[in-house]
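Survey of secondary and tertiary structure
Chain by chain, the residues run as shown.
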Amino acid sequence: MPLARRVVVTGVGLICGVGNTSPEVWSNLLAGKSGVARITHFDPSQFASQIAAEVKNFDPLQFVEKKELKKMGRFIHLALAASDEAMRMSGLQITPEMAPRVGVHIGSGIGGFDVIEREHSNLLTGGPRRISPFFIPAAIVNLAAGHVSIRYNAKGPNEATCTACTSSAHSVGDAFKIIARCDAEVMIAGGSEAAITPMGVGGFAALRALSTRNDEPEKASRPWDAGRDGFIIGEGAGVLILEELEFARRRGAKILAEVVGYGMSADAYHITQPAENGDGAYRVMLNTLADAKIPAEQVGYINAHGTSTDIGDRLETVAIKRAFGEHANKVAISSTKSMTGHLLGGAGGLEAGITVLALRDQKVPPTINLENPDPECDLDYVPNKARSVHMDFAMSNSFGFGGTNGALLFRRWNES
């Protein structure tokens, strides 16, 4: 069996509550800036949780023609914005000859929730004739990938993963494997989510999963802190340009990092709670290390799932200790969700991009609001202040409802 081909990252596009471009997001993360504030997309006064990490000052008309706007849900607008930035950073120009070897893999956990709510309201107030003919293509999960494919004439694999909060980690990982097995030379991969809507917030609030620290929004997301009381819903997108190494070299691309490992697992335990002893998270990290064929001791940073929920943070800590052994006490770990909120299906793409930038700059963003650590969460979570760290490998974890898990491992790029 031939050796799998090597895959590198040449572009990163990020948009979320702390910034609308990769440089802005990265700068604000290193500064420990929170993107959480009172919800403005709708009146949240009747809701238990009234705060979120909304994308701010976003004008979709910069990325979408006005006549096309209502044909797309907000998650598609955000995906196009992140894809545009990632493509610009990569410097890739897709020629007609190349197009069949360029694919798209963009995941989302929910898709066009805003469109579903709008059109349902139209149905109730005006009957079925009020439903837009664009309702379905504006809302379904795979249309972010579809629009990106059309925009760039990418005629290779065109897929979308919908695996709850692991969706875009799976999209990046599956895209990595598509290139490794010779089914494409380039993949535009990541995820997008825009579920800060009455039903989105209300649904998670009904599960009692959201923080209700409404009077201190910027301090509400506090992974591993003893005072954590739930996650903060966020929105945004993260898109990476993945290329086969020799293809990238031939065109003179600037390489940011190499993708070296991807793992998957299932808890097979409960629809919303992690497995006891962090079993699924433990196995997905082991699977990722095995895929990369490197020992745990070589990992210098973990961008954790770290949602700021009681059981989730505690069991991810247990899982890291099991997977990394004694090295668990030496690896730097942080949750950027303390600043970006939780992008649900878009989290894995955003955090994969953040992990790539951490390797590039050899800097680890902090976990903010970690003031009174939970005694059961006793690892190095890089509290409150960014840190310079020499690291050759960094991991990004994503776990989702239904017990679905994914992890990605990146290597610092060194041409030698």
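Residues numbered from 1 in each chain as written. Predicted model: local features only at pLDDT ≥ 70, side-chain atom pairs only at ≥ 80, totals over all residues. Heavy atoms only, no water.

Per the counting criterion, the structure on display carries five aromatic pairs. Measuring from ring centre to ring centre gives 5.8 Å for Phe58 and Phe63, while their planes differ by 20 degrees; the resulting arrangement is stacked. No difference in accessibility class separates Phe58 from Phe63, as the two residues are buried. Between Phe204 and Phe231 the ring centres are 5.4 Å apart and the planes differ by 75 degrees, which places this aromatic pair in the edge-to-face class. Taken as a pair, Phe204 in helix H7 (residues 198-206) and Phe231 in the loop between H7 and strand E7 (236-244) lie far apart in primary sequence, 27 residues in all. According to the relative accessible area criterion, Phe231 is buried, its value standing at 5%. Taken together, the ring pairs connect Phe204, Phe231 and Phe401 into an aromatic cluster. (Phe/Tyr/Trp six-rings, centres within 6.5 Å; stacked < 30°, edge-to-face > 60°. Buried < 20%, exposed > 50% of the residue type's maximum accessible area, 1.4 Å probe, protein only. Helix = DSSP H or I, 4+ residues; strand = E, 2+ residues; numbered from the N terminus.)

Turning to unusual backbone geometry, a few remarks are in order. Phi at Asn57 is positive, roughly 55 degrees, even though this residue is not glycine. According to the relative accessible area criterion, Asn57 is exposed, its value standing at 79%. Although it is not a glycine, Gln362 adopts a positive phi angle of roughly 55 degrees. Of note, Gln362 is situated in the loop between helix H12 (347-361) and strand E11 (363-364).

A separate point is the nonpolar core. In terms of nonpolar packing, the biggest core is built from 45 residues, with Val9, Leu240, Leu242, Val356 and Phe410 touching the most fellow members. In terms of residues, this core owes the most to one element, H12, which gives eight residues. Once you skip the residues sitting within four places of it in the chain, Val356 turns out to touch Val9, Val12, Leu240, Leu256, Ala257 and Phe410. (Core = buried A, V, L, I, M, F, W, Y, C linked by side-chain atoms within 4.5 Å. Contact = heavy atoms within 4.5 Å.)

Another aspect to go through is the layout of surface pockets. The calculated volume of the largest pocket comes to roughly 650 Å³. Thr272, Pro274, Thr309, Ile311 and Phe401 are, among the 32 residues lining the largest pocket, the residues nearest its centre. If you list the elements that add at least two residues to the lining of the largest pocket, you get helix H9 (279-292), helix H10 (310-324) and strand E13 (393-400). Here the element with the most residues in the lining of the largest pocket is H10; it accounts for five residues. Across the lining of the largest pocket, the residue classes tally to twelve nonpolar, 14 polar and six charged. (1 Å grid on protein atoms, 1.4 Å probe; cavity = no way out; pocket = protein on both sides within 12 Å on 5 of 7 lines; lining within 4 Å. Points joined across faces, edges and corners; volume = space filled by probe spheres on them. Nonpolar A, V, L, I, M, F, W, Y, C, P; charged D, E, K, R; others polar.)

The subject of this paragraph is the packing of helix H1 (residues 22-30) against H12. One can describe the packing of H1 onto H12 by two numbers: an axis separation of 11 Å at closest approach and a directional angle of 75 degrees. Judged by the inter-axis angle, H1 sits roughly perpendicular to H12. Between H1, through Ser22, Trp26 and Leu29, and H12, the contact on the second element is made entirely by Ile354, Leu357, Ala358, Arg360 and Asp361. The class makeup of the residues in the contact of H1 with H12 is five nonpolar, one polar and two charged. (Axes fitted to C-alpha atoms, helices over the stretch in contact; angles between N-to-C directions. Parallel < 35°, antiparallel > 145°, perpendicular 65-115°, else oblique.)

Another aspect to go through is the sheet that holds strand E9 (residues 299-303). Think of a sheet as strands paired side by side through backbone hydrogen bonds, with each pair either parallel or antiparallel. Pairing within the open sheet is mixed, and its ten strands lie in the order E5-E4-E6-E7-E1-E8-E14-E13-E9-E10. Looking at strand neighbours, the two that pair on one side only are strand E5 (158-159) and strand E10 (332-334), the edges of this open sheet. In the sheet, E9 pairs with E13 via four bridges, with the strands oriented parallel. Paired with Asn303 across the two strands is Ser396, which belongs to E13. Relative to strand E1 (residues 7-15), helix H2 (residues 74-90) is tilted by about 135 degrees, and along the sheet it contacts E1, strand E4 (102-107), strand E6 (186-193) and E7. Its contacts with the sheet place H12 against E1, E6, E7, strand E8 (257-266), E9, E13 and strand E14 (404-412), and it is angled at close to 170 degrees to E13. (Pairing = 2+ DSSP bridges.)

One pass over the structure, following the stated rule, counts 23 salt bridges. Close ionic contact of Glu68 with Lys71 constitutes a salt bridge, the shortest N to O distance being 3.3 Å. Glu68 gets classed as partly exposed once you look at its relative accessible area, which sits at 22%. Judged by its relative accessible area of 25%, Lys71 falls in the partly exposed class. A salt bridge links Glu246 to Arg249, with the shortest nitrogen-to-oxygen separation between them at 2.9 Å. With Glu246 and Arg249 both in helix H8 (residues 245-250), this residue pair falls three residues apart, about one helical turn. Since its relative accessible area comes to 36%, Glu246 is described here as partly exposed. (Salt bridge = Lys/Arg side-chain N within 4 Å of Asp/Glu carboxyl O.)

Turning next to the environment of Thr95. Mapped onto the secondary structure, Thr95 falls in the loop between H2 and E4. Separated by 226 residues in the primary sequence, Thr95 and Lys321 have C-alpha atoms spaced 47 Å apart.

Let's shift gears to H12. The end-to-end C-alpha separation of H12 is 21 Å, in line with the 21 Å expected for 15 residues at 1.5 Å each. With 13 of its 15 residues buried, H12 lies for the most part within the structure. Looking one or two places after H12, you find Gln362, whose phi comes out positive at around 55 degrees. (Expected span 1.5 Å × (residues − 1).)

One turn of the α-helix equals 3.6 residues, which is why residues spaced by three or four share an orientation. Every buried residue belonging to H7 is among Gly200, Val201, Phe204 and Ala205, and all of these are buried. On an axial view of H7, the arc spanned by its buried residues comes to 125 degrees, and they lie on one face. Facing away from the buried side of H7 by more than 90 degrees, the exposed set consists of Met199 and Ala206. The inward-facing, buried residues of H7 contact helix H3 (113-126). Where H7 terminates, the next one or two residues include Arg208, which has phi positive at roughly 60 degrees. (Arc of directions from axis to C-beta.)

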